[in-house]
Each structure stands twice: as C-alpha cells, then as structure tokens.
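# Descriptive structure summary
This is what each chain is made of:
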Amino acid sequence: MTFLHRHRGLTPYLLLAPGLLYLGVFFVVPLGFLAYQSLESGNFDVGYAFTWAWGNYWDAIRGYRGHFIRSLEYAGIATALALLFSYPLAYWIAFRGGRWKNLLLLFIVAPFFVTYLIRTLAWETILADHGLVVRVLRDVGILDPDGRLLATSVAVVAGITYNFLPFMALPLYVSLEQIDHRLIEAAQDLYASRWKAFLRVTLPLSLPGVVAGTLLTFIPAAGDFINAQLLGSPKQHMIGNVIQSKFLELTDYPAAASMSFVLMAAILVFVAAYSRAVGTEKLTG
Amino acid sequence: MTAVAASAPARTSGWTLAWTFVRHHVLTVYALLAFTYLMLPIGVVIAFSFNHPQGRFNFVWSGFTLDNWRHWDGVPGLRSAMVLSVEIALLASLVATALGTLIALALVRYGFRGRGATNLLIFLPLSTPEIVLGASLLTLFLNLNVVFGFSTILIAHIMFCISFAVVTVKARLVGFDRHLEEAAMDLGANEWATFRKVTLPLIAPAILAALLLCFAISIDDFVVTYFNAGPRTTFPLFVWGAARVGAPPQVNVIGSVIFIVAVTGMVANVLAQMRRERSATTA
C-alpha cells in the first residue's frame, strides 16, 4: 500500500493489466495467428507453410463471391426488418409503458433466454411443411400447393431477423426513453402536427439508438451460419457456413482464415459507409 | 393516460382527437401482435417439451406426456453436456467479471494515458463476428499444439465475456459518488479498507449484473465453443449434434427450464425495483 501511495499514477495500470493482458493474449494474438495462417499454402496432410500466399484472398473472393454477397444481403434485409419491427414497439414501451416499462422490456429480451439453437429449431417447427403457417399460405395461394418455406431464403432471413431482434430493440428503447418529452410538447405547442413533431424531433433524437441497433444486428448477422444451416438448404448457405466447414470439416485453414478476413473487411466497409451516411458524430455521440 | 386525454388542449379539433385515439390504439394493437410474435417460438419450445413424438423428429404434435420432464436426462450425453455448460459458465463468469470490474474501475475513476486504446480493445471483441473470434482462437491453439477440451472452452468463454462485464459495470460506475470514498479516507481508512467497506458494497449490484450476464452468454454460446471444444460437448453443442438426427424432446425440457429460471429471476428483480421506487416516491 505504501508503494501504491507513492506511485498513485500506477494504480489504473495495475487495475487494467490482468484483463487487458488476457484480451491481448486470447483476442489480439489469435487474430495475428489467423492473419499468418491466411497467407500460408500447402495442404493438411503435408502441412502448411508461410509463403505470403496472397492468392488465398483472391481465391476466397473469386470462388465464394456469391456467399459473401448473400451474407451481406441477408444481414442487410434482416437488419432493416428488425428496425421496422422494433421501432414502433420500442416507441410504444418508451412512451406508453408507464411504470410497466421494465416489465414490458422483458418481453423484448425474452427470446435471449431460450438457447439460440433451440429457438431456431422452434422456427423450424413453425415453418415446417406440414405446419400451420405453410398450410395457411398454401390455402390463401401465396405459396404453391407444394410450395415450402423451409430451405428458402425467406426462412433464413426470418430466422436471422428473429434471433437478433433484441440487439436492435434494446438500443432503440434506450435512446427513445431518454428523450425529454418537453421537447416534443414544445414542437406541438409551436403547431407542429404529431407526425411532424415525430419526424423533426423524436426520430432525429433516437438516431443514436438506430445506429447502435443497426451495427449490433448487422455484424453478428453477417457472420451467422446457424440459421442458414437449420432453416435453409445449401443454396442459402452464407459465408459463415463456408468458413465453418473449411475450418472444421475440410481442414483447409489458409482458405478459411483468408475468408474470415475478407468477411471482416466487408463488414468494416459497410460500417464505414453506413456511419458516413448517417453522420459520424452520431456514432460516437 | 386518461389524464393526458382529458387535459388535451381545447384547440385540437375533433379530427385530431379521433386521429389521436386511433393512433393510440393502432400502436397498442401492434405492440400486442409484436409480443405474440416474440413469444411464439418460446411457446413452441415449451409446448413441444410435453410432446410424445412418434418418430425421431419432434416436429409434429402427437400427444401430451410428462415423461420428458420426468426423465429429462433419459438421453445419453445430455446430463454431462449440461454439467459441463454450467461448470464453464460459472468459472467463466467469475473470472471475466473480476477482470472486467478492475478494467471498469480504472476506466471510470482514473485519468491515464492509453485510455482510448483501452476502450478500443474492449469494444473490438464486441464488434467482431463470433465466427472470427472462434476461428482465430482455433488457429492459436492449433499452432501452439494445445490439447482441445475443458481449458480451451474456458479460455474462449472468459475472452468473449470480459468486454460484456466491463460495459455492464462501467454503466453503473458512471453515476458513482466519489465523495463517499473521499469521506472514508478523510476518516482515516486506507485505500484497501475504503475499497472493501465503501466501494465494493456500492458497486455490488453492478458486479452481480455482470456475473449474471456473463453466465447467460456463456451457457448459450455455440459458435466460439464449436470451434474450440475438441472432443467435449456443451449443452448447445449437444443440441447441434442432436438436431442433425432429430432433437429429442428433452432438449426442449432443458430449454424451458433455462427460460423459466431466467425469466422468473428477471421478473422478481423488476418487481422488487418497482416496489422500491414506489416506496421511495411515497416516503
């Protein structure tokens, strides 16, 4: 303690050291290994050697462009759907929830309390060929008499949307809940219609929540492979499915590693473009 | 709500009042439908835990039974998978919360060089897709010839829990009144005594919240574990393996139990909070 008293400036570093060291060794260093592995060549039987094999990246993009595009497409659609679905709900809880707000919020998080894989399997049950949803859609004529939902992109996108919804709804709620109601009242006192007051006051003030929710939903969605595996067919497979099988089934580590980096790069490009479109100050603010 | 409607300014015409009325209820009806949608798969999970499936697949309702609940561990491997998941979740949440709390204390209470870099290092694991987290750890362990098993799963879970612990504790620490600590020091307590007698009790709820969050994330994790489990099987891995050949209804039993325990805990917490708030306002 006397040592600490004499060197007060050291205290924060001593507090940080164990945790940051852990993240350094088991988060940063592994990324370095992944980068190293992505530039290796060879095969599993004779072993891999580091050869600056940039061709792996070229092969990843050329060979699996469809999977990359599909991942971004599914993740983008699911994120937009989640936003459209969650905004009115978060708004309702924040503005009409009264003292039941926190209890209502539980409904939004509730899906997270069911194991991810189990709730995806539940969707498999709901969307199954002999299930109620498919039967109704067939009767109404939206689906062909032998049409199905499973093994289609509709099922995969629906699964992704549902599974990551709380990531969207929670930040939306937080930003809507913080809005000072007097600002909206002021706008209405100044003869803004309710709709206009919403567009000019509420919506802009809730943008930080929109941005946070979009990123929190899009990033995990783009890397997901569980929904495509359980609700889709190989035609709906995303880049996550390819990375997973290259790593764990085909043991083609360099290819899988380079694909992981291409995925990260694609996500970064999206995040950069998105934050530029919305305005960077809102990302940090 | 009624007070708001009654005090609506007189200048609003009948049309806007009608529009307000409709809008109120449209939104409420929408919210009810939305909640139904959110609850639908959960209802399916619970309902099918009582199903008596005819074949391997538990997809079609074919009769009510309590057998799955009575013999919840009647499927080989399920019990050991569950035990492993709980062990990992307990250890990972303890270690990650300890490390995360220290980082949060440093970030909120001290000015120091490297603060931006620290924040970035905390933020990055949260914004990296799980598959990349899992894959990079896998390459680390492969290249160092580490034997996959309990320790590799635990290492992975602590890693992705730390950031969640930091964020949770930090959120509560921001409103923390430092004068309380200064008062303790002025009264002659040394740093350690101040921390133990003043700081720790005040941040205890935040630490508990971080522990629970880490436990929940760890016990639910599939992707990172899938890459680093080697021969071991956690509960989510068991479900994954079972899904390929038809998941037994016992999986739904465990899923329902986890859900009910978590929701009961959360509801109790929220209700207690509401009661505290009400007694605070009436007092």
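Residues numbered from 1 in each chain as written. Chains lettered and ligands numbered in written order. Predicted model: local features only at pLDDT ≥ 70, side-chain atom pairs only at ≥ 80, totals over all residues.

Now for the overall build of chain B. Assigned secondary structure in chain B consists of twelve helices and zero strands. Reading the secondary structure of chain B in the N-to-C direction produces α-α-α-α-α-α-α-α-α-α-α-α. A compact globule built from 283 residues should have a C-alpha radius of gyration of about 19 Å, whereas chain B, at 25 Å, is more than 25% larger. Here chain B holds 283 residues, and 38% of them are scored as buried. Across chain B, contacts joining residues at least 24 apart in sequence account for 76% of those joining residues at least 6 apart. (Helix = DSSP H or I, 4+ residues; strand = E, 2+ residues; numbered from the N terminus. Rg over C-alpha atoms; globule rule 2.2 N^0.38 Å. Buried ≥ 20, exposed ≤ 12 C-beta atoms within 10 Å, placed from the backbone. Contact = placed C-beta atoms within 7 Å.)

This part covers the overall build of chain A. Counting its regular elements, chain A contains 15 helices and two strands. Relative to its length of 285 residues, chain A is extended, with a C-alpha radius of gyration of 24 Å against a globular reference of 19 Å. Considering only C-alpha atoms, chain A reaches an extent of 80 × 75 × 35 Å along its principal axes. Buried positions account for 42% of the 285 residues belonging to chain A. Residue pairs at least 24 apart in sequence account for 70% of intrachain contacts in chain A once pairs closer than 6 positions are excluded.

Let's shift gears to the pairing of strand S1 (residues 40-43) of chain A. As a general feature of sheets, a regular strand has side chains that alternate between the two faces. Across four bridges, the pairing between S1 of chain A and strand S2 (residues 47-50) of chain A is antiparallel. Residue pairing across strands places Asn43 of chain A opposite Gly47 of chain A, the latter belonging to S2 of chain A. (Pairing = 2+ DSSP bridges.)

Structurally, chain B comprises domain 1 (2-48) and domain 2 (76-247). Centre-to-centre, using C-alpha coordinates, domain 1 of chain B lies 39 Å away from domain 2 of chain B. (Domains from an automatic or database assignment.)

Right, let's get into the interface of chain B and chain A. Often the size quoted for an interface is simply the accessible area lost on bringing the parts together. Contacts between the two partners involve 66 residues from chain B and, on the opposite side, 67 residues from chain A. For the side of chain B that touches chain A, the secondary structure elements donating two or more residues are helix H2 (14-48), helix H4 (78-109), helix H5 (115-126), helix H6 (130-143), helix H7 (150-173), helix H9 (191-220), helix H11 (235-245) and helix H12 (249-282) of chain B. Ranked by residues supplied to the side of chain B that touches chain A, first place goes to H2 of chain B with 14 residues. Residues belonging to the side of chain B that touches chain A are distributed by class as follows: 52 nonpolar, eleven polar and three charged. (Nonpolar A, V, L, I, M, F, W, Y, C, P; charged D, E, K, R; others polar.)

Residues and elements named next belong to chain B. Among the structural elements, Asn58 can be located in the loop between H2 and helix H3 (67-70). Since 24 C-beta atoms lie within 10 Å of it, Asn58 is described here as buried. In sequence terms Asn58 and Pro249 are 191 residues apart; their C-alpha atoms lie 6.3 Å from each other. Once residues lying within four places of it in the same chain are set aside, the contact partners of Asn58 are Phe48, Asn51, Pro53, Gly246, Ala247, Pro248 and Pro249.

Here we come to the nonpolar core. One finds Ala90 and Met259 of chain A together with Ile103 and Ala135 of chain B to be the most contacted residues of the largest nonpolar core, which totals 146 residues. Ranked by residue count, the leading element in this core is H4 of chain B, at 16 residues. If we skip the residues at most four places from it in the chain, Ala90 of chain A touches Ala169, Leu172, Tyr173 and Leu176 of chain A. (Core = buried A, V, L, I, M, F, W, Y, C linked by C-beta atoms within 7 Å.)

On to the packing of helix H2 (residues 11-38) of chain A against H7 of chain B, then. Viewed as axis vectors pointing N to C, H2 of chain A and H7 of chain B meet at an angle of 120°, and their least axial separation amounts to 10 Å. Of the possible angle classes, the one that applies to H2 of chain A and H7 of chain B is oblique. You can see that H2 of chain A and H7 of chain B cross each other, and the crossing is left-handed. Judged by residue contacts, Gly19, Tyr22, Leu23, Phe26 and Phe27 of chain A of H2 of chain A engage Ile155, Ile158, Met159 and Ile162 of chain B from H7 of chain B. (Axes fitted to C-alpha atoms, helices over the stretch in contact; angles between N-to-C directions. Parallel < 35°, antiparallel > 145°, perpendicular 65-115°, else oblique. Left-handed = near helix turned anticlockwise from the far one by under 90°.)

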